[in-house]
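Listed below are the residues making up each chain.
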Amino acid sequence: MINFIKKDRSLGVAKEKRKYDLPLNKGSGGSFLKILMGLMTILAIFALSASFSLSEMTERWSSGLENKATVEIPAEDNKGNIIEQVVVDKIALDIESFLKGHPDVETAEIMRPQEIKDLVSPWLGNEITFENVPLPGIVSIKFKDDKEINYTILESRLKSFGEHVRLDTHGTWLADLLKFTGALNFAAILISTLIGITTVVAVAGAVQARMAVYDEELELLHLMGAGDRYIANQLQRYSFITCLQGSAIGAIIGLILIFIIGWLLKQRDISLLPDFNLSFVQIIILIILPFFIGLLAMVTARQTVLRELSKMP
Amino acid sequence: MIKFEHVGLRYGVGPEVLSDINFTLEPGTFHFLSGPSGSGKTSLMSMLYLGRQPTRGLMSMFGKNVGQLNRQELKKLRQRIGVVFQDFRLLNHMSAFDNIALPLRISGQPEKEIRANVEELMEWVGLGDHRHMLPNTMSGGQQQRIAVARAVITRPKLLLADEPTGNLDDEIGLRLMNLFDQLNRMGTTVVIASHNTVLMQKFSQHDRIILDDGQAYLEKPQQTIKQRLGSMF
Ligand SMILES: Nc1ncnc2c1ncn2[C@@H]1O[C@H](COP(=O)(O)OP(=O)(O)O)[C@@H](O)[C@H]1O
Ligand SMILES: [Mg+2]
């Protein structure tokens, strides 16, 4: 008889594999949690990738601009009188040589007329001839990296070459941009934190609800001598898998949407947002995100179960 | 093994269901727990399987005062007790096999051993062809056999069965009683709650604890008069 049983042993492998001692896969609580985690993850992916690409953009722009400035010598004076090209060029040359002798300046260069034409043609059109229109003089400056420049002193010094000379430092709009990306990064952190809190609250609630529904089964396990950890393991595994699944689906949808948006932006050539491309590391972070959410859910479930079980004698 | 001293039990603010219970069960003994319906058999069982603490008095088990045990110690004790509940308490989302295997999994046995043991026992109680079936698709008698198999699979030191033969035809009923007898001979202390007089007659060699009016009386097989246990202390 024993031999017969031994031969028959493969039958002992239940076709439907037992996953949990509690009927956790029944009911709709799991799909609610999955959908919630999916939506949360999409939100998180949006917030994070917006923050990622804006940080990168700011960095690129500010690294190119922060130690640069331009001096403009307009072709008309403050009263609107046209200044002759020769005079403009003379002032530009003077300023260039003054700047070249300045201790804080690394390079100073007069922009050639063709460069200026290239710069303004998108706005004025190529047909415009510059024959009778005097061009402004532009001197671009690159400061030495480690210098703190006092622009007020520099500008007043430059104005001695001509009342209408202006110094353009990019400083103000760059500061605005930094403020903007700073706010966006803050928003991303805030959203991520909120998502974390939502995960904790939702999982703790779901676990408590499950434990209330299956209190008879829990009591049975308890009476059979199942330890708190044994029971907690089941609910934490369930929470991890459920949230990971929901979050992974959310991540896939989120990433697809991000790439579609990136592609659309490229198609429309919106040059204001240079590239909506994420780096490899950033994509990895977004892919790992569901695991973080799953782990967070797992830890929450464990704590909740242990707290609830400690009420049992 | 088990000692009750002036044990009383009440549910909430209700009257005492059991009052002043006194008895001692030596290791390796076999007792029927009898009494009319509502006399408190199930209630007494629930204290024995550590599902409920007495509301007064002292209860000790395996030489330990149960009221002073911590959670870890209670867990260890519970793993040494096998219970057949009156309402079975099977888990309907898992197969008959998994139900019976549950206590072994809880105590962390290797899966290979579990499979061999459970299969052999299922064969023995006549459920060999029902491994994958869900309990709620099976007959009352079959469910009861699952419940019994689940209670004995760990070879517990104490086996408690609450009306275990109520739903069984005679042949299987006898078979399960023989199973309890065998376990008992191997050293397990057995307490079976029953008001089935025919069954108790058949196994009249075993002692009886009789519950009446919240008190417990011991009846030895050879004795004809009830002996009030309370007077022994
Ligand atoms: N959970 C409970 N809550 C309140 N009263 C209960 C509970 N269980 C049993 N009782 C009461 O305790 C008494 C004994 O019941 P029980 O222990 O089930 O007796 P038996 O198993 O001998 O039929 C009954 O009067 C019953 O109503
Ligand atoms: Mg009963």
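Residues numbered from 1 in each chain as written. Chains lettered and ligands numbered in written order. Predicted model: local features only at pLDDT ≥ 70, side-chain atom pairs only at ≥ 80, totals over all residues. Heavy atoms only, no water.

A.B. asks: Describe the site of ligand 1, and please don't skip the residues or the numbers.
C.D. replies: All names here are of chain B. Taken together, the residues surrounding ligand 1 are Tyr11, Val17, Pro36, Ser37, Gly38, Ser39, Gly40, Lys41, Thr42 and Ser43. One of the backbone N or O atoms of glycine 38 is found 2.7 Å from an oxygen atom in ligand 1. Taking serine 43, its side chain carries an N or O atom lying 2.5 Å from an oxygen atom of ligand 1. Contact with the protein chains hides 56% of the accessible area of ligand 1, taken as 550 Å² for the molecule alone. Its residues assigned to classes, the shell around ligand 1 shows 3 nonpolar, 6 polar and 1 charged. (Near = heavy atom within 4 Å. Polar contact = N/O pair within 3.5 Å; in protein donor to acceptor, adjacent residues only side chain to side chain. Areas by Shrake-Rupley, 256 points an atom, 1.4 Å probe, with all protein chains shown as cover. Nonpolar A, V, L, I, M, F, W, Y, C, P; charged D, E, K, R; others polar.)

A.B. asks: Please set out the confidence of the model for chain A residue by residue, giving values where relevant.
C.D. replies: Where the model shows low pLDDT, its predicted coordinates should not be examined in detail. Mean pLDDT over chain A: 81, with 82% of residues reaching 70 or higher. Here residues 1–15 of chain A scores under 50 on pLDDT; set against residues more than four positions off or in separate chains, the count is 24 contacts. (pLDDT = per-residue confidence, 0-100. Contact = heavy atoms within 4.5 Å.)

A.B. asks: Can you explain the pattern of salt bridges? Please cite residues and give values.
C.D. replies: Two side chains with opposite charge may pair up if their charged atoms get near one another. One pass over the structure, following the stated rule, counts 15 salt bridges over all chains. A salt bridge links glutamate 111 of chain B to arginine 105 of chain B; its shortest N-O distance comes to 2.5 Å. A relative accessible area of 41% means that glutamate 111 of chain B is categorised as partly exposed. Shared partners join several salt bridges into a network, and the residues in it are Glu219 of chain A together with Asp87 and Arg89 of chain B. (Salt bridge = Lys/Arg side-chain N within 4 Å of Asp/Glu carboxyl O. Buried < 20%, exposed > 50% of the residue type's maximum accessible area, 1.4 Å probe, protein only.)

A.B. asks: Quick one: what's the story with the coordination of the magnesium ion (ligand 2), residue by residue and with numbers?
C.D. replies: Residue and element names in this part refer to chain B. Coordination of the magnesium ion (ligand 2) by the protein involves Thr42 (OG1) and Gln86 (OE1), with metal-donor separations of 1.9 to 2.3 Å. Of this pair, threonine 42 sits in helix α1 (residues 41–48) while glutamine 86 sits in the loop between β6 (81–84) and α3 (96–106); the two residues are 44 residues apart in sequence, bridging distant segments of the chain. Taking the relative accessible area as the measure of exposure, threonine 42 reaches 35% and is therefore partly exposed. What makes glutamine 86 partly exposed here is its relative accessible area of 40%. (Donors = N, O, S within 2.8 Å, 3.2 Å for Na, K, Ca; no water. Helix = DSSP H or I, 4+ residues; strand = E, 2+ residues; numbered from the N terminus.)

A.B. asks: Describe in detail the interface of chain B and chain A, supporting the description with residues and values.
C.D. replies: If you look at the interface, chain B gives 28 residues, while chain A gives 33 residues. Both faces considered, chain B and chain A share a buried interface measuring about 2,800 Å² in area, 61% of it formed by carbon and sulfur atoms. There are 2 salt bridges connecting chain B and chain A. With its nearest N and O atoms 3.3 Å apart, the salt bridge here joins glutamate 219 of chain A to arginine 89 of chain B. Secondary-structure elements contributing two or more residues to the side of chain B that touches chain A are α2 (71–79), α3 and α4 (111–124) of chain B. The dominant element in the side of chain B that touches chain A, judged by the number of residues it contributes, is α3 of chain B, at 6 residues. (Buried area = accessible area lost by both parts, 1.4 Å probe.)

A.B. asks: Explain the sheet that holds strand β5 (residues 64–65) of chain B to me, using residue names and the numbers behind them.
C.D. replies: Residues and elements named next belong to chain B. Across the sheet, 4 strands lie side by side as β2-β1-β4-β5; this open sheet has antiparallel pairing. In the strand order of this sheet, the two ends are held by β2 (16–25) and β5, each with one partner. In the sheet, strand β4 (residues 56–61) pairs with β5 via 2 bridges, with the strands oriented antiparallel. Residue pairing for β5: serine 60 is matched across the bridge by asparagine 65. (Pairing = 2+ DSSP bridges.)

A.B. asks: Mind laying out the side chain of glutamine 282 of chain A, listing which residues take part and the relevant values?
C.D. replies: All names here are of chain A. With respect to the helices and strands, the residue glutamine 282 is situated in helix α9 (residues 280–309). Residue glutamine 282 is classed as buried on the basis of its relative accessible area, which comes to 13%. If we ignore the near neighbours within four places in the chain, the residues touching glutamine 282 are Phe52 and Glu56.

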